[in-house]
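If you want the building blocks of each chain, they are given just below.
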Amino acid sequence: MKLLNKILMYSFFTLLFLIPLNVNAENDVNLYLFYSDTCPHCAVEKEFLKEMEEKYENLNIHMYEVSDEANYTLLSKVKTLFGNDKPYVPFTVIGTLYYEGYNDNTALKIEETIEYYSVNEARNVVSELINNEIDENTEIVIDDIDSKTFNIPFIGQVTTKDISIPLVAVIIGAVDGFNPCAMWVLLFLLSMLIGNHDKKRMWLLGLTFILTSGIIYLLFMVAWLKISLSIMSINYIKFIIALIALIGGSFNLYSFYKSLQKDSGCDVVNDSKRKRIFAEIKRFTSEKSLLLAMAGVVTLAISVNFIELACSAGLPLLFTQILSLNNLSSLEYFIYILMYIIFFLLDDIIVFVIAMITFELTGISTKLNKYSHLIGGVIMVIIGLLLIFKPAWLSFNF
Amino acid sequence: MKIIYIGAVWCPACLIVKPVLKKLQSNYVNIDFIYYDYDMDEEEVNKYQVGKVLPEIIIFDNDKEIQRIIGEKNKKELEGLINEVIK
């Protein structure tokens, strides 16, 4: 019965979060839809726009069926204004932005644009065209809703995205790193290496372990990013991931709450697994051939880090979600993941370098682990909520 | 009187507490300090019904356990807990 109560409690709190709220906003937003009664995509978009109208009280929708001659003339003018000569519908205009055709991604973009113009001034070019304040050849400046720009001394023009994503990579990577899952293996490995008193071997085997751990994490995150990029536009997938984030976050917060009631220290878990890994480490570190020893450490790092992934898969998974919601180049994706991993490995690197210099092992206080559960839990819950209510904020359109 | 310390090389909390205890040792010259490793000294460690959190510091007076300190403690906390029972 106890487990059932827990499941009901978690589900209740999760559902509590999901009650859709009516978004209140500041500016009036005018949306112009040019459609045709015979166009299936138009019908789907019209359904979507009904939801938007209910959700955003400040949204005014103007519809133009293009089999009507006057509407068709207006559409041609609007298309010329935007330098778009393709004859497709649906054709959606909000402020100075337009969207042609309709699918889940367009829906996300349209909602982002509604949210952007709800809090930012919008120039209503279609109404200006209707009122002959401008004509179809007038030059218009397209709003860059993807980001705001800041001027930082010495660095120059920087957008919110340029700042926010690295900041998120550093914070979540560091919090993820404080999760002690694989730290005990590194410490045991270092204790064996220190015993050998062979500095070159220590550097090589220690670095091999840390680099392999980083590569495993990199491969996992790149793989998950690719999956996210292909499925992220499917709303119910995003919803499931948000649910995972909320449950994972709640579990982290629950672990933090539990840790307050007991002594902070090292949990002695799974004696047999620990002894097996220790035996392997002893074998590798006493292996005469350096190459064989390195190969051993690589296999050790691979197996240990797969355990680590399960132990903290929540945070890297959510970080790749955030990346997938931002239209970045492959290079940018790679750089941000690398940045995440560097801060994820930071505590391992610190412990390793100190051990190499002082020939002594130092530990990072387990009291910090408690707070990594707290911070990690809060981050996961926030991301879960944003994935559901404000996905646009995760692409840093505030 | 004797103080038994049980920790592990893979345990960050132990790596913090052990050096602190070693420093405190000089304040208590009449007390025997004995250090065990949870993995390397398994036979000895099994005599003390160690729990699931490391490190553990057990204080004995005439072979009778009078205090058990569990988990990570800083110098002040450790000194206070030891002084509590030996005064």
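For the structure given in this document, a descriptive report is provided here. (Residues numbered from 1 in each chain as written. Chains lettered and ligands numbered in written order. Predicted model: local features only at pLDDT ≥ 70, side-chain atom pairs only at ≥ 80, totals over all residues. Heavy atoms only, no water.)

### Some thoughts on the pattern of salt bridges
- Within this structure, the stated rule accounts for 13 salt bridges over all chains.
- Through salt bridges that share partners, B:E56, B:E65 and B:R68 make up one connected network. (Salt bridge = Lys/Arg side-chain N within 4 Å of Asp/Glu carboxyl O.)

### Focus: the packing of aromatic side chains
Residue and element names in this part refer to chain A.
- With the rule as written, the count across this model stands at 16 aromatic pairs over all chains.
- Consider the rings of F34 and Y64, whose centres lie 5.1 Å apart with planes at 20 degrees: the pair is stacked. Separated by 30 residues along the polypeptide, F34 in strand β1 (residues 29–35) and Y64 in strand β2 (residues 59–65) bring together distant segments of the chain. Grouping residues by exposure puts F34 and Y64 together as buried. (Phe/Tyr/Trp six-rings, centres within 6.5 Å; stacked < 30°, edge-to-face > 60°. Helix = DSSP H or I, 4+ residues; strand = E, 2+ residues; numbered from the N terminus. Buried < 20%, exposed > 50% of the residue type's maximum accessible area, 1.4 Å probe, protein only.)

### Some details on the state of the cysteines
- Tallied over the full model, the rule gives two disulfides over all chains.
- A sulfur-sulfur distance of 2.2 Å marks the disulfide that ties A:C39 to A:C42. The S-S bond linking A:C39 to A:C42 shows a torsion near 95 degrees; that makes this disulfide right-handed.
- A:C266 shares a disulfide with B:C11; S-S distance 2.1 Å. Judged by the sign of its S-S torsion, about 80 degrees, the cystine formed by A:C266 and B:C11 is right-handed. Linking A:C266 in strand β7 (residues 266–267) with B:C11 in the loop between β1 (2–7) and α1 (12–25), this pair reaches from one chain into another. Just as A:C266 is buried, B:C11 falls in that class too. (Disulfide = S-S within 2.5 Å.)

### Thoughts on the pairing of strand β4 (residues 56–61) of chain B
Residues and elements named next belong to chain B.
- With five of six residues buried, β4 lies mostly within the body of the structure.
- Inspection of the sheet shows β1 paired to β4 by five bridges, in the antiparallel sense. Residue I6 lies in a different strand from β4, and its bridge partner there is E56.
- Pairing geometry for β4 and strand β5 (residues 64–70), over six bridges, is antiparallel. Bridge pairing in β5 links D61 to K64. (Pairing = 2+ DSSP bridges.)

### Remarks on helix α14 (residues 346–358) of chain A
Residue and element names in this part refer to chain A.
- Given a rise of 1.5 Å per residue, 13 residues ought to cover 18 Å, and the 18 Å separating the end C-alpha atoms of α14 matches this to within 8%.
- When α14 is considered as a whole, its buried residues turn out to be D347, D348, V351, F352, A355 and M356. Taken around the axis of α14, the buried residues stretch over an arc of 165 degrees, which confines them to a single face.
- Backbone geometry just downstream of α14 places F359 in the positive-phi region, at approximately 60 degrees. (Expected span 1.5 Å × (residues − 1). Arc of directions from axis to C-beta.)

### Side note on the interface of chain B and chain A
- Across the boundary between the two partners, chain B contributes 21 residues, which contact 25 residues of chain A.
- Across the chain B to chain A interface the summed buried area is about 1900 Å²; carbon plus sulfur atoms make up 61%.
- On the chain B side of the contact with chain A, B:W10, B:L15 and B:E72 bury the most area, a combined 34% of that side's loss.
- At the boundary of chain B and chain A, one finds two salt bridges. (Contact = heavy atoms within 4.5 Å. Buried area = accessible area lost by both parts, 1.4 Å probe.)

### Quick notes on the sheet that holds β1(B)
Residues and elements named next belong to chain B.
- The strand order β2-β1-β4-β5 describes an open sheet built from four strands, whose pairing is mixed. At either end of the open sheet lies a strand with only one pairing partner, and these are β2 (32–37) and β5. The average undirected angle you get between the axes of adjacent strands in this sheet is 20 degrees.
- Each of β1, β2 and β4 is contacted by α1, which is oriented at about 160 degrees to β2, the strand it contacts most. (Axes fitted to C-alpha atoms, helices over the stretch in contact; angles between N-to-C directions.)

### Considerations on the sheet that holds strand β3 (residues 91–94) of chain A
Residues and elements named next belong to chain A.
- As summarised here, the arrangement of the four strands in space is β2-β1-β3-β4, forming an open sheet in which the pairing is mixed. Each end of this open sheet is capped by a strand with a single partner; those strands are β2 and β4 (97–100). The mean angle between the axes of side-by-side strands here comes to 15 degrees, regardless of whether they run parallel or antiparallel.
- For β3 and β4, the ladder comprises four bridges, and the chain directions are antiparallel. Following the sheet pairing, T92 is matched in β4 by Y99.

### A short note on the packing of helix α13 (residues 330–344) of chain A against α14(A)
Residue and element names in this part refer to chain A.
- In the contact formed by α13 and α14, the axes pass within 4 Å of each other and the chain directions differ by 45 degrees. Overall, the two elements α13 and α14 adopt an arrangement that is oblique. Between α13 and α14, the contacting residues are I342, F343 and F344 on the first element and L346, D347 and I349 on the second.
- In terms of residue class, the contact of α13 with α14 is built from five nonpolar, no polar and one charged. (Parallel < 35°, antiparallel > 145°, perpendicular 65-115°, else oblique. Nonpolar A, V, L, I, M, F, W, Y, C, P; charged D, E, K, R; others polar.)

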